[in-house]
Amino acid sequence: MNQYAVGEVPDYQMAALAMAICFVGLEREEIGSLTDAMLHSGATLDLDHLHLGRVDKHSTGGVGDKVSLVLAPLVAACGVAVPMMSGRGLGHTGGTLDKLESIPGFRTDLSLAQATRQLESLGCALIGQTREIAPADRKLYALRDATATVESIPLIAASIMSKKLAEGLTGLVLDVKRGSGAFLPELDRGLTLARTMIELGADHGCPVVALLTAMDRPLGRACGNAIEVEESIMALRGEGPADLMQVTYALGAEMLVLGGVATDRDDARRRMEVAISSGRAAARFQQIIEAQGGDPAVVDDPSRLPEAAEVELFTAGRDGVVAQVEPRTIGRGITALGGGRTRVADTIDPSVGFVITARPGDVVCAGEPLATIFARDAAGVASGRATLLEAIRIADDAEPPLPLISHRVTEAGAQRWTDDDC
Ligand code: URA
């Protein structure tokens with residue numbers, strides 16, 4: 001891996017290795033060696049001097065998944081440092097970096113030295129994978145993308161963990177999405193990925209806890225970039241949609257326990273509720289925005305975020321029950337509006353997207369509003385309408401959606417999530 005990072009091993013040999021791993025898999029020790037090699041191909045954050053727990057969250061990605069934007073300032077406001085390294089949207093899923101960059105002036109390209117200073121002062125830095133971190137992974141990921149070897153669990157686990165371990169974490173929480181809009185839709189593949197990353201963390205002294213959460217419908221109401229930032233600000237002010245808050249509190253509780261500031265998940269939940277109701281969590285987001293060059297006034301006045309030229313309501317075509325709000329179709333529809341990428345080099349329009357108020361299981365009448373389309377122009381509105389017609393299915397009856405949180409996975413194994421866990 002080190003020789004590959006510096007160009008001494010050619011792409012064609014590495015492509016052959018990636019394909020072999022795809023077919024045959026890797027054993028625990030081999031995944032560990034691969035992760036180590038990618039981790040040590042670059043720099044790592046040394047944050048021991050903070051004398052604080054340092055916990056990040058990683059999501060396998062979805063549509064409307066703005067949890068990171070709420071969770072990072074919330075957990076930092078509760079006393080755990082959050083060195084959060086996120087990615088950009090690609091394919092049908094959105095990316096935290098793109099969402100953050102819809103805040104005027106916000107910069108995510110901090111150097112490791114700048115991120116360290118911000119972690120010392122604010123307990124949180126929201127950054128992208130810098131050139132310094134795991135360069136072998138960066139190169140291998142691009143090669144996997146070009147050789148159809150992305151969807152191998154050992155390769156995914158080593159790729160994610162090499163970057164996470166470079167953050168100098170004392171704990172990591174995973175949000176593994178399942179359902180039609182997820183990167184790995186099937187439950188058994190999600191559980192295997194969770195277990196593989198938990199083992200990798202354990203072998204590197206970094207405890208990892210995973211929650212399996214639903215991505216058979218979008219999370220929250222807003223799906224786009226600026227409109228997701230606005231929903232995240234509302235959540236930090238205590239006005240977030242119930243599903244977004246439930247997932248945020250569940251992941252946050254794990255982070256506060258792993259970070260050593262809460263005795264258990266109930267204690268953690270109370271601390272987070274106080275951080276929100278006191279305004280501390282929203283104030284911390286404002287400080288982070290200011291430190292990273294953004295306009296901090298968006299927290300008090302979200303109308304300062306980019307606004308779409310055209311806004312139109314989408315209504316139900318018939319009476320019935322909302323049987324499906326299909327996230328993959330919504331994600332592709334955002335890209336069609338100009339709000340997502342099909343190629344890494346594409347630029348995006350932060351103002352476009354959908355706010356979808358209809359939830360699976362809702363009983364609706366013809367003419368009732370289900371969603372709002374945010375578009376650049378009339379052609380965008382037409383494309384948005386076509387997306388919603390395809391994505392929101394109204395029927396005479398509906399199957400129940402997936403449980404919002406279905407499993408909690410630790411080194412001890414996977415347990416079903418119950419209402420008592422909330
Ligand atoms: N995200 C990563 O960082 N790596 C993968 O291989 C897949 C998702």
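As shown above, the structure is provided for reference.
All figures in this text were calculated on a predicted structure; none of them were measured in a lab.

S.K.: Explain the sheet that holds strand β10 (residues 363–364) to me, please; I cannot follow it from the model alone.
M.R.: Hydrogen bonds along the backbone pair up the strands of a sheet, which may run parallel or antiparallel. Strand order in the open sheet formed by 3 strands is β10-β8-β12, and the pairing between neighbours is antiparallel. Both outer strands of the open sheet, β10 and β12 (392–395), are each paired with one neighbouring strand and no more. The pairing of strand β8 (residues 320–325) with β12 spans 4 bridges and is antiparallel. Counterpart to V321 in the pairing with β12 is A395. Here helix α15 (residues 378–391) sits on the sheet and contacts β8 and β12; the angle it forms with β12, its principal contact strand, is near 45°.

S.K.: Please explain the sheet that holds strand β11 (residues 369–375) as it appears in this structure.
M.R.: The strand order across the open sheet built from 4 strands is β6-β9-β11-β7, with neighbouring strands paired in antiparallel fashion. Only two strands of the sheet have a single partner each, and these edge strands are β6 (222–224) and β7 (310–315). Taking each pair of neighbouring strands and ignoring which way they run, the sheet shows an average axis angle of 15°. Sheet analysis places β6 next to strand β9 (residues 353–356), joined by 3 bridges and oriented antiparallel. Each bridged residue has a counterpart across the sheet, and for G224 the counterpart in β9 is G353.

S.K.: I would appreciate a short explanation of the pattern of salt bridges in the present structure.
M.R.: Between side chains of opposite charge, a pair can form as their charged atoms come close. Per the counting criterion, the structure on display carries 25 salt bridges. Taking the shortest distance from any N to any O, the salt bridge between R54 and D48 comes out at 3.1 Å. With relative accessibility at 7%, the residue R54 sits in the buried group. A salt bridge links E231 to K66, with the nearest nitrogen and oxygen atoms 2.6 Å apart. One end of the pair, E231, is in helix α10 (residues 226–236); the other, K66, is in the loop between β1 (55–59) and α4 (67–77), with 165 residues separating them in the sequence. K66 carries the same exposure label as E231, and that label is buried. Residues participating in the shared-partner salt-bridge network are R88, D98, E101 and R341.

S.K.: What is the right way to read the packing of aromatic side chains from this model?
M.R.: Think of a pair of aromatic rings as described by two things: how far the centres are apart, and how the planes are tilted against each other in angle. Scanning all chains against the criterion turns up 0 aromatic pairs. Taking NZ or CZ as reference, K139 lies 4.5 Å from the ring centre of Y4, over its face.

S.K.: It is not clear to me how the side chain of K177 should be interpreted in this structure. Could you clarify?
M.R.: Looking at the secondary structure, you find K177 in strand β4 (residues 171–178). Exposure remark for K177: the relative accessible area of 2% places this residue in the buried category. Among the polar contacts made by the side chain of K177, one reaches the side chain of D175 at a distance of 2.8 Å. Within the structure, K177 has its side chain in polar contact with the side chain of T213 (distance 3.1 Å). Excluding its chain neighbours within four sequence positions, the residues that come into contact with K177 are S59, T60, G61, D65, A182, L184, T213, A214, M215 and L219.

Cut-offs applied
Residues numbered from 1 in each chain as written. Predicted model: local features only at pLDDT ≥ 70, side-chain atom pairs only at ≥ 80, totals over all residues. Heavy atoms only, no water. Pairing = 2+ DSSP bridges. Helix = DSSP H or I, 4+ residues; strand = E, 2+ residues; numbered from the N terminus. Contact = heavy atoms within 4.5 Å. Axes fitted to C-alpha atoms, helices over the stretch in contact; angles between N-to-C directions. Salt bridge = Lys/Arg side-chain N within 4 Å of Asp/Glu carboxyl O. Buried < 20%, exposed > 50% of the residue type's maximum accessible area, 1.4 Å probe, protein only. Phe/Tyr/Trp six-rings, centres within 6.5 Å; stacked < 30°, edge-to-face > 60°. Lys NZ or Arg CZ within 6 Å of the ring centre and 35° of its normal. Polar contact = N/O pair within 3.5 Å; in protein donor to acceptor, adjacent residues only side chain to side chain.

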